[in-house]
Amino acid sequence: MKKIISFIRELRPFNMVMLTVAGIINAFGITLFLMPVKLYDSGISGTSMLLAQVTPEWLSLSVFLILLNIPLFLYGLRKQGAGFTFCAIYTVAVYSVMSWLITDVLPIDVSIASPLAGTDLLLCALFGGVISGLGSGLAIRFGGAMDGIEVMAVIFAKKLGMTVGNFVMLYNVILYVVCGFVINSWILPLYSIVTYMASMKTVDYIVDGLQRSKAAMIVTSKPDLICKELMEEFRCGITLIDAKGGFSGADRKVLYFVVNRFQVMKMRNIVRKSDPLAYITLTEVADIFSATS
């Protein structure tokens, strides 16, 4: 009973609305830009598109999305949890139903060319990738997934000595090579790589955030002075970490401080003025939030 209550609590109404939107967006990107000109999405979605082309007409994209994705999500149930699995299956179901509505029910002709970009392969590849990436990114951001191959990557990548990203990329390379041999042409698979790159970049922006900031690690022997100057200038807190010089053995402080890209130079000037010998490293961060937000 406790597991059921916990599972229900995970299904926040707003998240379910956004997962519905994600599935609809992804369906529009695939059916209005990629399928009409026979370009391929990545992962299981791309595999479903290829299979839909080489099998009888009743085995449509929507059928393969369900047949291929749901077993993968269920296989990853123990690793990912019931909440994620339900949300992922729900998102794929919305994507599948919406794809069926667009291609078979709504009065939209997607049989020959894209209703919006015609037969321009570059436009179809770019816009199809961006729109489907928007859908996939929203699905990930709100607790679901659009593609079962990512779940398999989480489970098997480490066992194979690979990163999750490399596992997904290897799968897609194999998919596009197979597509080239099946259709006996490399033009569409090569344009599909453009789709994949546009989609991947869009997913990164949606999941990691558009407003990326910089995290500064400042190693200094004058932490009090630098902290005072930075906090007065930027009106925000700083985290201090105890450290010791590896060569000199002298005690040091490391200041952890986050600024946006427009504040980096001002921060550097303040640190340089307060301690010319301070050492600064910068790394990119995204989506800064507290644990309670």
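Provided above is the structure to which this section pertains.
A short tour of the structure in this document, coming up. (Residues numbered from 1 in each chain as written. Predicted model: local features only at pLDDT ≥ 70, side-chain atom pairs only at ≥ 80, totals over all residues. Heavy atoms only, no water.)

**Digging into the sheet that holds strand β2 (residues 239-244)**
Spatially, four strands are ordered β2-β3-β1-β4 in an open sheet, and the strand pairing comes out antiparallel. Where the open sheet ends on each side, the last strands, each with one partner, are β2 and β4 (279-285). Averaged over all adjacent pairs, the angle separating strand axes in this sheet is 25°, with direction ignored. By the bridge criterion, eight bridges tie strand β1 (residues 213-220) to strand β3 (residues 251-260) in an arrangement that is antiparallel. For Thr-220, the partnering residue across the bridge sits in β3 and is Lys-253. Where helix α11 (residues 223-234) meets the sheet, its contacts fall on β1, β2 and β3, and the angle it forms with β3 comes to roughly 15°. Those strands touched by helix α12 (residues 264-274) are β1, β3 and β4, and its axis lies near 10° from that of β1. (Pairing = 2+ DSSP bridges. Helix = DSSP H or I, 4+ residues; strand = E, 2+ residues; numbered from the N terminus. Axes fitted to C-alpha atoms, helices over the stretch in contact; angles between N-to-C directions. Contact = heavy atoms within 4.5 Å.)

**Overview of unusual backbone geometry**
For Lys-38, which is not glycine, the phi dihedral falls at a positive 65°. When you line up the elements, Lys-38 lands in the loop between α2 (13-34) and α3 (43-54). According to the relative accessible area criterion, Lys-38 is partly exposed, its value standing at 42%. One non-glycine residue, Arg-235, lies in positive phi territory at about 55°. A relative accessible area of 72% means that Arg-235 is categorised as exposed. (Buried < 20%, exposed > 50% of the residue type's maximum accessible area, 1.4 Å probe, protein only.)

**Observations concerning the nonpolar core**
Note on soluble globular proteins: their nonpolar side chains tend to be buried together. In terms of nonpolar packing, the biggest core is built from 51 residues, with Leu-39, Leu-138 and Met-152 touching the most fellow members. If you list the elements that add at least two residues to this core, you get α2, α3, α4 (61-75), α6 (82-105), α7 (121-141), α8 (148-156), α9 (164-183) and α10 (187-208). Residues in contact with Leu-138, not counting those within four places in the same chain, are Met-18, Ala-22, Ile-25 and Ile-206. The next biggest cluster of nonpolar side chains, apart from the first, holds 15 residues, and it includes Ile-218, Phe-234, Val-259 and Ile-270. (Core = buried A, V, L, I, M, F, W, Y, C linked by side-chain atoms within 4.5 Å.)

**Looking at the pairing of β2**
Bridging between β2 and β3 involves six bridges; their strand directions are antiparallel. Within the sheet, the bridge partner assigned to Thr-239 lies in β3 and is Tyr-256. The hairpin turn running from β2 into β3, its antiparallel successor, is six residues long, and Gly-249 in that turn takes a positive phi close to 75°.

**Description of the environment of Leu-61**
Mapped onto the fold, Leu-61 is located in helix α4. Through-space distance from the C-alpha of Leu-61 to that of Ser-114 is 17 Å; in sequence the pair is 53 residues apart. Not counting residues within four places of it along the chain, the set of residues in contact with Leu-61 comprises Ile-30, Met-35, Ser-45, Ser-48, Met-49, Ala-52 and Ser-99.

**Observations regarding a nonpolar patch on the surface**
Among the surface-exposed residues, Met-169, Val-173, Val-177, Phe-181, Trp-186, Leu-190, Ile-193 and Met-197 lie close enough to one another that they form a single nonpolar patch of about 760 Å² accessible area. Elements with a minimum of two residues in the nonpolar patch: α9 and α10. Considering every element that reaches the nonpolar patch, the biggest residue donor is α9, with four residues. By secondary structure assignment, the location of Val-177 is in helix α9. (Patch = residues over 30% accessible without salt bridge, like charges linked within 9 Å, V, L, I, M, F, W, Y side chains within 5 Å. Areas by Shrake-Rupley, 256 points an atom, 1.4 Å probe, with all protein chains shown as cover. Salt bridge = Lys/Arg side-chain N within 4 Å of Asp/Glu carboxyl O.)

**Re the side chain of Ser-136**
Here Ser-136 is to be found in helix α7. For Ser-136, a relative accessible area of 14% translates into the label buried. At 3.4 Å, the side chain of Ser-136 and the side chain of Asn-26 are in polar contact. (Polar contact = N/O pair within 3.5 Å; in protein donor to acceptor, adjacent residues only side chain to side chain.)

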